[in-house]
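Chain residues, written in single-letter form:
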Amino acid sequence: MDARVVVIEHEAEAGLGYFAAWLAGVETAVVRPYLGEPVPDRVQDGLLVLGGAASAWDDEEYPWLPATRDLIKATVDDGAPVLGICLGAQLMTLACGGEVRRGGPGLEIGAGTIHMLPEARADRLFAGVAAPQSVAVQYHYDAMTTLPAQAVLLATGDTYPNQAYRLGDNAWAVQFHPEATPDIFREWTTGLTGHPVGELNSQVDAARSRLQAHWRPLAEAFAAVVAEHATRVRGQTA
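Residues numbered from 1 in each chain as written. Predicted model: local features only at pLDDT ≥ 70, side-chain atom pairs only at ≥ 80, totals over all residues. Heavy atoms only, no water.

Draft legend 1. Expanded view of the sheet that holds strand 4 (residues 82–85). With mixed pairing, 9 strands are arranged side by side in an open sheet as 2-1-3-4-11-10-9-6-7. Whereas interior strands pair on both sides, the edge strands pair on one side only; in this sheet they are strand 2 (26–31) and strand 7 (133–140). Mean inter-strand twist for the sheet, computed between neighbouring axes without regard to direction, equals 20°. Strands strand 3 (46–49), strand 4, strand 7, strand 10 (164–167) and strand 11 (171–174) of the sheet are contacted by helix 3 (residues 87–95), whose axis makes an angle of about 115° with strand 4. (Pairing = 2+ DSSP bridges. Helix = DSSP H or I, 4+ residues; strand = E, 2+ residues; numbered from the N terminus. Axes fitted to C-alpha atoms, helices over the stretch in contact; angles between N-to-C directions. Contact = heavy atoms within 4.5 Å.)

Draft legend 2. Spotlight on the environment of G79. Mapping G79 onto the fold places it in the loop between helix 2 (65–78) and strand 4. C-alpha of G79 to C-alpha of A171: the two residues are 92 residues apart in sequence and 8.0 Å apart in space. Leaving out residues up to four positions away in the same chain, G79 has contacts with N170 and H229.

Draft legend 3. Seen up close, the side chain of D142. Tracing the backbone shows D142 in strand 8 (residues 142–146). Here S55 takes part through its side chain, which lies 2.8 Å from a polar atom of the side chain of D142. With sequence-adjacent residues up to four places away left out, D142 is seen in contact with A54, S55, A56, W57, Q90, V100, R101, R102, G103 and Q175. (Polar contact = N/O pair within 3.5 Å; in protein donor to acceptor, adjacent residues only side chain to side chain.)

Draft legend 4. View of the pairing of strand 11. Residues A171 and A173 line one face of strand 11 and the alternating positions W172 and V174 line the opposite face, and both faces are buried. Direction of pairing for strand 10 relative to strand 11: antiparallel, over a ladder of 4 bridges. Paired with L167 across the strands is A171, a residue of strand 11. The antiparallel hairpin formed by strand 10 and strand 11 contains 3 residues in its connecting segment, where G168 sits at a positive phi of about 70°. (Buried < 20%, exposed > 50% of the residue type's maximum accessible area, 1.4 Å probe, protein only.)

Draft legend 5. Local environment of the packing of aromatic side chains. Taken as a whole, this structure holds 6 aromatic pairs when the rule is applied. On the numbers, 5.6 Å between centres and 85° between planes, the contact of Y62 with W64 is edge-to-face. Under the relative-accessibility criterion, W64 is labelled buried at 13%. With centroids separated by 4.7 Å and ring planes inclined at 40°, the aromatic side chains of F176 and W215 adopt a geometry described as tilted. Of this pair, F176 sits in the loop between strand 11 and helix 4 (182–189) while W215 is found in helix 6 (residues 208–237), placing the two residues 39 residues apart along the sequence. Linked through ring pairs, Y18, F19 and W22 together constitute an aromatic cluster. (Phe/Tyr/Trp six-rings, centres within 6.5 Å; stacked < 30°, edge-to-face > 60°.)

Draft legend 6. Up close: the nonpolar core. Counting 52 residues, the largest nonpolar core has F19, L23, L48, L83, L125, F126 and W215 as the members making the most contacts within it. For this core, the element with the most residues is helix 6, which contributes 10 residues. Look past the residues within four positions of F19 in its chain and what remains in contact with it is L48, L83, I85, P178, E179, L218 and A219. Counting residues in hydrophobic clusters, the runner-up holds 27 residues, among them I8, Y62, A95 and A173. (Core = buried A, V, L, I, M, F, W, Y, C linked by side-chain atoms within 4.5 Å.)

Draft legend 7. Representation of the layout of surface pockets. Roughly 340 Å³ of volume is contained in the largest pocket. As for the largest pocket, its lining consists of 19 residues, of which G52, A53, A54, Y139 and Y141 are closest to the centre. In the lining of the largest pocket, the residues fall into 9 nonpolar, 6 polar and 4 charged. (1 Å grid on protein atoms, 1.4 Å probe; cavity = no way out; pocket = protein on both sides within 12 Å on 5 of 7 lines; lining within 4 Å. Points joined across faces, edges and corners; volume = space filled by probe spheres on them. Nonpolar A, V, L, I, M, F, W, Y, C, P; charged D, E, K, R; others polar.)

Shape is all these values report; function is a separate question.
What follows is the structure, given as structure tokens:
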């Protein structure tokens, strides 16, 4: 039986993107709470929490967020692999004792530069990201302002410094969107005002090959961590 990653998708426009093909060797079970599907209490093999338009504290408009934060905290405590992307990273930050606030510099959007810190070289997910400066899709208003205790910062940025961290051995949070394709980004900018949408779309499209080269290793590494964890846990219970 393949290892299975439970995926929390917050909206149809923010799906798995590149990760649908890059999570090789693991099954993805997508939960769509915005369609009324319940967020599970526990996962066995791994958890991936995607992005979305919500703020991580906006429980009234997005009533599944408390259950998602509880699931993230339970997964971290259980030691199963978890990866939070953008909103997912912010939910992990809140769930594990950090702070998330509306970002002072405003919307970070487009093809941004991510600076890898020395700690990333020995990290199981980030070691395969060869470039010390990598391009990534950005689209967020909110920011992880205080990381959870014991978090290890792995990557930073010029506008918002907390771009990626690891918590414990098996939990990762990334503020940017390694899963986002240029087509997905174009959906996000449709109807956006006050920003040079055409230029931003062109920049992300021009970065397509670099986006794939930089972030496919991270996705594949996460899939490998999930598969390794599943094999170990199932071996213990056999």
